[in-house]
Amino acid sequence: MYRLLASLIFFTRLPFWRIANVPKKYYEQVVPLWPVVGWLTGGIMALVFWLAQMIMPLSLAVIAALISRILITGALHEDGFADFFDGFGGGTTRERTLEIMKDSHIGTYGVLALIIYYLVMYNVIVALQTTSQNPFIFIMVDSICKFLASTIIYFLPYARKEEEAKNKLIYTQVPLHEKLASFAAGILPIVMFCPNDFFLPLLAGIAGATITCVLLFLKMKTQINGYTGDCCGATFILAEVVCYIMILQTHPQPLP
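Let me sum up the structure you'll find in this document. (Residues numbered from 1 in each chain as written. Predicted model: local features only at pLDDT ≥ 70, side-chain atom pairs only at ≥ 80, totals over all residues. Heavy atoms only, no water.)

With phi around 55°, Ala75 is a residue other than glycine that occupies positive phi space. If you trace the backbone, Ala75 turns up in the loop between helix 4 (58–73) and helix 5 (76–90). Ala75 gets classed as partly exposed once you look at its relative accessible area, which sits at 23%. Even without being a glycine, Asn225 presents a positive backbone phi close to 55°. (Helix = DSSP H or I, 4+ residues; strand = E, 2+ residues; numbered from the N terminus. Buried < 20%, exposed > 50% of the residue type's maximum accessible area, 1.4 Å probe, protein only.)

Take the side chain of Thr97 next. Examined against the element boundaries, Thr97 turns out to sit in helix 6 (residues 94–102). A relative accessible area of 0% means that Thr97 is categorised as buried. Looking at Thr97, its side chain comes within polar contact range of the main-chain oxygen of Thr93, at 2.8 Å. Discounting residues that sit within four places of it in the chain, Thr97 has contacts with Gly87, Phe88, Gly91, Thr92, Gln223 and Ile224. (Polar contact = N/O pair within 3.5 Å; in protein donor to acceptor, adjacent residues only side chain to side chain. Contact = heavy atoms within 4.5 Å.)

Right, let's talk about the nonpolar core for a bit. Core analysis: the largest hydrophobic core is formed by 75 residues, its most contacted members being Met220 and Tyr227. When residues of this core are assigned to their parent elements, the largest contribution, 12 residues, is made by helix 12 (residues 229–250). (Core = buried A, V, L, I, M, F, W, Y, C linked by side-chain atoms within 4.5 Å.)

All right, on to the state of the cysteines then. In the structure shown here, the tally under the stated rule is 0 disulfides. Considering cysteine sulfurs only, Cys145 is the nearest to Cys213, which forms no disulfide, with 7.3 Å between them. The buried category is assigned to Cys213, whose relative accessible area is 3%. (Disulfide = S-S within 2.5 Å.)

This brings us to the pattern of salt bridges. As enumerated under the stated definition, the model contains 5 salt bridges in all. Across the salt bridge formed by Arg69 and Asp142, the nearest N and O atoms sit 3.1 Å from each other. With a gap of 73 residues between them, Arg69 in helix 4 and Asp142 in helix 8 (residues 137–150) connect regions that are remote in the sequence. The same class applies to Arg69 as to Asp142, namely buried. Among the salt bridges present, the one from Arg69 reaches Glu240, with a minimum N-O distance of 2.6 Å. Of this pair, Arg69 sits in helix 4 while Glu240 sits in helix 12, and the two are 171 residues apart along the sequence. Taking the relative accessible area as the measure of exposure, Arg69 reaches 4% and is therefore buried. Given the relative accessible area of 1%, Glu240 is considered buried. (Salt bridge = Lys/Arg side-chain N within 4 Å of Asp/Glu carboxyl O.)

A rise of 1.5 Å per residue sets the reference length of helix 11 (residues 199–223), with its 25 residues, at 36 Å; its end C-alpha atoms lie 36 Å apart and thus fit the reference within 8%. Of the residues one or two after helix 11, Asn225 is the one with positive phi, at around 55°. (Expected span 1.5 Å × (residues − 1).)

The next subject is helix 7 (residues 108–132). With 25 residues, helix 7 ought to run about 36 Å at 1.5 Å a step, and its terminal C-alpha atoms sit 36 Å apart, in line with that. Among all positions in helix 7, only Gly110, Ala113, Tyr117, Met121, Val124, Ile125, Val126, Leu128 and Gln129 are buried. In this fold, the buried residues of helix 7 make contact with helix 3 (34–55), helix 4, helix 5, helix 8 and helix 12. Directly beyond the C-terminal end of helix 7, a positive phi value near 50° is found at Gln133.

Below is the structure:
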């Protein structure tokens, strides 16, 4: 119970902290439960989109869905995404890359990355929802991409010392059965909500997101010999946008 509560507190800005005072050790084990948080964030995006498209154009409904997750998470993933591009774009050494990512100011690379990300996400989701009108896609993509991003702690060491970390903690490894449970949490929305004609496009999206994660892990290994919290956020964001692009490219288009 404490671990789930720690995950909800850590990955969202909703007032779950009012329920109980969670000890620090539980925050060190939140990453495997990240896909479960995806049920909440993706679910709220789906609900907001479904309600908004009843009273406004589809394009505005998509914007409302994207804004809803920013509000829920406090732009946690976007912040890491921007810091990642600032660090990996401007850093020429391991030390300089880590130093830039720790800086609270945003740079040119981070600004450009966020602009391009939201331009792509908006246009891809509008195009996809125009053809499919499936709000559950938000839950499915959010959860599976959070699972894929969470595997970063299984393949890479933490790149900083604990006292140098932004949140002053290092995520701990978990046993195999918890890794399997995390995987199950990532695919459960797909099992529940994926229609038959959407399965192959979604599978293509997952394949694209998986390849993206592998390439990012290799880049992190080469440049900083590990990962940081910003790397986790960037991995999720990039895996998600590639997943949506692949779904759109492989999804059957309606006849004119």
